Amino acid sequence: MEEKAQQLAQASQYKTEFMANMSHELRTPLNSLLLLSRLLAENPDANLTPRQIEFANTIHGAGSDLLRLIDDILDLSKIEAGRAEVDAGPVVLAELLGDLEQALGPQAEEKGLTLAVEISADVPSTITSDMQRLQQVLRNLLANAVKFTDTGGVTLQVGRAGGLLAFAVRDTGIGIPAGKLEMIFEAFQQADGTTSRKYGGTGLGLSISKELARMLGGRIKVTSTVGEGSVFTLLVPEELPTTATAGSRASTSVSLSGSRSGSMAGSLSGPTPLRGPARRVTPAATALAGATVLIVDDDVRNVFALTSALELHGLTVLYADNGAAGIRLLTEHPEVDVVLMDTMMPDLDGNETTRLIRELPGGRELPVVFLTAKAMPGDREASLAAGATEYVTKPVDLDELLALMANWVTPPRRPRRVAR
Ligand SMILES: Nc1ncnc2c1ncn2[C@@H]1O[C@H](COP(=O)(O)OP(=O)(O)OP(=O)(O)O)[C@@H](O)[C@H]1O
Ligand SMILES: [Mg+2]
């Protein structure tokens, strides 16, 4: 029996490792695809036809969808392997609900739907739970409600039910046949296989939500009437015991494709803000104009994409395809303001390289921003321990990366480091 259990645990461990590796392999090419298609869509040389710009936007949109799918699958496999962690802390409900309203409002408005949030008077203003996970589940439920409703509206009611806090997401949408109410919580299952064409999505949202609700010490209930609407209710305790939580959050949320912050079906990973139209160049780019960045990355496609994007925004880019060359370039170029460091490289990996950078004269203060495609629990901590300043998940959102870099590269820039 014990042996069997051990074998099972190991098999699930292998599966999670495999998913993490696969997600890395998929994210890396996606990174250049997303960056370059976004760059094309911006049409910086004003030489593309509107139709060609539309193509570039389509490529970007499809890439973003693919990325979301990868994130979801990774998320689900982590949860199933028991490797996703909850991080209990104070959750201010007004803040949580405000964020959700802001995220889903535009989608509802676009479809001509009302979106209302109602809080009953007996609900406490603060609870103890995992803000990110809670938001993730509610975002999924609200995104579904908006997606599967064509007229009327969506209401999120927060109240107390049997000692638990109840978040009821009510819609006036297409509804779900009674026979399908259980099946929709299974991975890749949709009430009507053919509706995916009309409504989009892959059928992972509810499976992830169900597992997350369980991790939060609660569950999801559903009632529905075909043609009238559905009510999905998330029930969670007001106090998630802090002792039940282990470790820290999986990875930073400074992440992902340029289009991920506004409209469309809820993003499911904890790894992610919602998505929306690609944003234009931010003031961060202005703050960075003239700065010098060193990219240390062994993937040439990545370097090419990042370099093109950064140069377009007025940065000077130096590039090394391995850790040792990176260190050498740094000693030759004291003007480097910030380093973008790949995590997985042959020979000297990002962590090792950063440890060495920290020993260079002036190297202690140099901002080293990690870019990683593989975000497993513990990776982030390992990089921070090695001296990483920030840790960003690939594919990189250019605006967020620029903003983050601008944070560390403060104008007016003084020479910080002295050449050896
Ligand atoms: N509010 C709702 N009204 C009607 N049907 C719903 C609603 N929420 C979920 N469903 C049904 O349950 C199915 C599964 O939902 P789920 O969120 O898991 O997947 P999805 O929304 O199709 O895709 P994804 O969330 O992965 O983008 C949906 O495809 C839909 O058939
Ligand atoms: Mg969904």
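Per-chain numbering applies: the sequence of each chain, read as written, is numbered from 1 onward. The order in which chains are written sets their letters, starting at A; the order in which ligands are written sets their numbers, starting at 1. Restriction of local features to residues with pLDDT of at least 70 applies here, the model being predicted, together with a cutoff of 80 or more for giving and counting side-chain atom pairs; totals for whole chains, interfaces and linings are based on all residues. Excluding hydrogens and water, the side-chain values take into account all heavy atoms of the structure.

**Some remarks on the pairing of strand S11 (residues 368-372)**
Relative accessibility thresholds used throughout: buried, under 20% of the residue-type maximum; exposed, over 50%; partly exposed, between the two (1.4 Å probe, protein chains only). Here a helix means four or more residues in a row that DSSP labels H or I, a strand means two or more in a row labelled E, and each is numbered from the N terminus. Counting buried positions along S11 yields 5 of 5 residues, so the element is predominantly enclosed. The two faces of S11 match: Val368, Phe370 and Thr372 on one face and Val369 and Leu371 on the other face are all buried. Think of it this way: DSSP has to see at least two bridges between two strands before they count as a pair. Relative to S11, strand S10 (residues 338-342) is paired through 4 bridges, and the arrangement is parallel. Note on S11: the bridge partner recorded for methionine 341 is phenylalanine 370. If the strands point away from the viewer and the path from the first strand over the helix to the second runs clockwise, then the crossover is right-handed. Of the crossover connections in this fold, the one passing from S10 over helix H10 (residues 350-357) to the parallel S11 is right-handed.

**Brief notes about the confidence of the model for the protein**
Averaged over every residue, the pLDDT of the protein is 82; the share at 70 or more is 85%. pLDDT is a residue-level measure of predictor confidence that goes from 0 to 100. Mean pLDDT per element in the protein: helix H5 (residues 195-199) is the minimum at 65, and strand S7 (residues 229-236) is the maximum at 98. Low confidence marks residues 243-270, where pLDDT is under 50. Its contacts with residues over four positions away, or in another chain, come to 113 contacts. Predicted confidence is poor over residues 412-420, with pLDDT under 50, and the contacts of this stretch with residues over four places away or in other chains come to 23 contacts. The criterion used for residue contact is that any of the two residues' heavy atoms lie within 4.5 Å.

**Some words on the sheet that holds strand S6 (residues 219-225)**
Read across the open sheet, the 5 strands follow the order S2-S4-S5-S7-S6; overall the sheet is mixed. The open sheet is flanked by strand S2 (114-119) and S6, the only strands paired with a single partner. Along the sheet, successive strands turn relative to each other by an average axial angle of 15°, direction set aside. In this structure, S6 lies alongside S7, joined through 7 bridges in antiparallel fashion. Its bridge partner lying in S7, valine 222 is registered against phenylalanine 232. Between N-to-C directions, angles span 0 to 180 degrees; the directions come from axes that are lines fitted to C-alpha atoms, helices contributing only their stretch in contact. Its contacts with the sheet put helix H3 (residues 93-110) on S2, strand S4 (153-161) and strand S5 (164-171), and the angle it makes with S2 is roughly 170°. Across the sheet, helix H6 (residues 205-215) is in contact with S6 and S7; its angle to S6 comes to roughly 135°.

**Here we look at the side chain of threonine 149**
Its location among the elements puts threonine 149 in the loop between helix H4 (131-147) and S4. Threonine 149 sits in the buried class, given a relative accessible area of 0%. Throughout this description, a polar contact denotes any pair of N or O atoms lying within 3.5 Å of each other; where both atoms belong to protein, one of them has to be capable of donating a hydrogen while the other can accept it, and for residues adjacent in sequence the pair is counted only when both atoms sit in side chains. Of note is the side chain of threonine 149, whose polar atom sits 3.5 Å from the backbone nitrogen of glycine 173.

**Remarks on the site of ligand 1**
Lining the immediate surroundings of ligand 1 are 21 residues, of which Asn144, Lys147, Asp171, Gln190 and Leu206 lie closest. Within the side chain of lysine 147, one N or O atom sits 2.8 Å away from an oxygen atom of ligand 1. Within the side chain of aspartate 171, one N or O atom sits 2.8 Å away from a nitrogen atom of ligand 1. Only the protein chains shown count as covering a residue, and every accessible area follows the Shrake-Rupley method with a 1.4 Å probe. Taking 590 Å² as the accessible area of ligand 1 by itself, protein coverage stands at 98%. Those elements giving two or more residues to the shell around ligand 1 turn out to be H4, H6 and S7. Among the elements that line the shell around ligand 1, the one with the most residues is H4, at 3 residues. The residue makeup of the shell around ligand 1, split by class, is 9 nonpolar, 9 polar and 3 charged. Neighbouring residues are identified by heavy atoms, a residue being near a molecule or strand if any of them is within 4 Å of it. Each residue receives one of three labels: charged for Asp, Glu, Lys and Arg, nonpolar for Ala, Val, Leu, Ile, Met, Phe, Trp, Tyr, Cys and Pro, and polar for the others, Gly being one of them.

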